[in-house]
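# Structure at a glance
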Amino acid sequence: MEKFVIDGGVPLSGTVIPAGNKNAALPILAASALTADEVVVRNVPRIRDVEAMLSILEGLGVRVEWRSDHEVALLASDLPAPREIDRRQAEAIRASVLLAGPLLARYGHAQMPPPGGDVIGRRRLDPHLDAFACLGAEIDLSGRDIVLRGRTRAGDVFMDEPSVMATENALMAAALTPGSTVIGNAACEPHVQDLARMLVKMGADIQGIGSNVLTVHGRDELQGCVHEIAPDHIEIGSFMALAGVTGGELRIKDTVPDDLRMIRLVFDRIGLRTDLDGPDVLVPGDQQLIVQRDAGEFTAKVQDGPWPAFPADLTSIVIAMATQSAGQVLIHEWMFENRMIFTDKLVNMGANITLCDPHRAIVYGPTRLRGERLESPDIRAGMAMLIAALCAEGRSEIGNIRQIDRGYERIDERLRELGARIERVSTQPVPA
């Protein structure tokens with residue numbers, strides 16, 4: 001077990017190269033099971049969730065070979081039977097469910113233990129199962145596992161909610177199903193688009209990428225490909241917030257500016273100005289953060305939602321940033337009922353936050369935060385605590401940092417390069 005020890009109050013300045021998108025890497029790695037050919041994936045983030053997904057794939061019989069720090073080759077030429085996912089591995093990450101689509105489409109059978117993941121609220125599996133049923137699968141929920149059987153056939157899929165992972169599962173299954181499948185009310189986040197672009201390289205014809213209606217002309221066989229994962233817009237947003245609350249000047253290299261439009265718009269309303277220099281994002285230093293009130297002098301409101309709305313994964317980060325911005329803002333996290341529970345940790349640090357209900361919080365700022373001992377309950381809350389600790393007075397300790405490591409590559413090393421005073425410390429007792 002390890003913890004972070006942080007001495008706050010230092011502006012973070014310098015240049016950051018963002019890692020590959022975590023939420024794109026997981027389905028893209030799972031998609032390697034769709035073909036007997038080699039798949040090479042570049043710009044893969046070296047994070048715990050990626051390692052967990054690769055362990056699951058290796059357990060299924062996929063050959064995994066790291067060819068450089070961020071390039072991995074996968075070969076699922078012939079997965080031996082039984083093709084069942086190890087229960088312990090499945091419980092490590094929610095993304096284990098992303099193998100259901102590839103295994104069902106390729107082999108006509110998939111047995112899935114219930115997936116794990118962040119405890120941020122109920123995350124329904126119904127959209128996945130509805131999509132598989134529309135594609136002709138027989139679904140058996142009589143035991144502990146979810147069992148899918150039957151050869152997939154092209155069909156009309158309509159999501160009862162724009163679930164990201166369910167859309168990705170439907171996309172992968174439809175890509176390896178001959179005929180035309182239409183996926184309606186589909187998620188269209190940047191990571192869904194990235195997966196779709198990879199499936200096109202593998203031989204599928206996908207129309208409507210970036211919209212909420214996807215038409216997939218599938219094939220009975222897909223080929224290997226080389227694909228580079230796009231930069232992680234959630235990590236980029238996290239670094240923007242880190243620079244803003246500490247007063248630092250930051251350049252974030254080689255972003256996809258279109259993926260950042262809503263993030264930059266919302267951050268600007270919280271008082272953080274950012275500029276574009278080609279594909280780079282510039283955060284000017286020494287900004288005075290002031291919340292912009294809504295027209296009519298009403299309290300400013302930030303609400304997350306399906307893309308292109310403000311990303312739910314940045315809700316925790318914007319709460320931490322709002323504690324350092326003059327004014328008040330209502331933050332409405334309508335998607336996950338447990339995501340805001342961590343705000344009591346920020347209150348202990350001195351933040352002025354009123355938790356109205358599980359979905360809404362009012363943040364009053366700016367407040368002078370002080371160092372505290374904290375525990376990270378999930379990836380994004382852990383990053384929000386890290387943001388708070390880096391702008392707080394005094395020393396903070398953050399435990400359970402495995403959660404942060406699940407989504408942010410070498411975060412302590414990269415923060416030190418920007419001037420942060422942060423150390424990773426073992427919490428194991430020292431032998432006598």
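Above this text sits the structure in question.
Residues numbered from 1 in each chain as written. Predicted model: local features only at pLDDT ≥ 70, side-chain atom pairs only at ≥ 80, totals over all residues. Heavy atoms only, no water.

## What to know about the overall build of the protein
Test applied: To qualify as a helix, a DSSP run of H or I must reach at least 4 residues; to qualify as a strand, a run of E must reach at least 2; elements of each kind are numbered from the N terminus. We take the radius of gyration over the C-alpha atoms and set the globule estimate at 2.2 Å times the residue count to the 0.38 power. Contacts are assigned to residue pairs that have any heavy atoms within 4.5 Å of one another. Each accessible area value is a Shrake-Rupley result obtained with a 1.4 Å probe; residue values ignore everything except the protein chains displayed when judging cover. When charges are counted, neither His nor the chain ends are considered; positive counts come from Lys and Arg and negative counts from Asp and Glu. A charged residue contributes its charge at one atom only: NZ of Lys, CZ of Arg, CG of Asp or CD of Glu.
Along the backbone of the protein there are 14 helices and 23 strands. Against the 2.2 N^0.38 benchmark of 22 Å for 432 residues, the protein shows a C-alpha radius of gyration of 22 Å, consistent with a compact globule. Across the protein, contacts joining residues at least 24 apart in sequence account for 72% of those joining residues at least 6 apart. Roughly 17,000 Å² of accessible area belongs to the protein as shown, and the carbon and sulfur atoms make up 47% of that amount. Of the charged side chains in the protein, 45 are positive and 60 negative; the average position of the first set lies 2 Å away from that of the second.

## Observations regarding the environment of G244
Relative to the assigned elements, G244 resides in helix α8 (residues 233–246). Those residues in contact with G244, other than ones at most four positions away along the chain, are L272, V283 and L289.

## Some thoughts on the pattern of salt bridges
Where side chains of opposite charge bring their charged atoms close, a pairing between them can arise. Cut-off, in case you're wondering: By definition here, a salt bridge exists when the distance from a side-chain nitrogen of Lys or Arg to a carboxyl oxygen of Asp or Glu is within 4 Å. Between buried and exposed lies partly exposed: a residue is buried under 20% and exposed over 50% of the maximum accessible area for its type, with that area taken using a 1.4 Å probe on protein chains only.
Applying the stated criterion across every chain, the model contains 35 salt bridges. For K345, the salt bridge identified is with D344, shortest N-O distance 3.4 Å. Since its relative accessible area comes to 38%, D344 is described here as partly exposed. Between R416 and D412 there is a salt bridge; the shortest N-O distance is 3.9 Å. Placement of the pair is R416 and D412 together in helix α14 (residues 411–417), with a separation of four residues, close to one helical turn. According to the relative accessible area criterion, R416 is partly exposed, its value standing at 32%.

It is worth stressing that arrangement in space is one thing and function is another; only the former is reported here.
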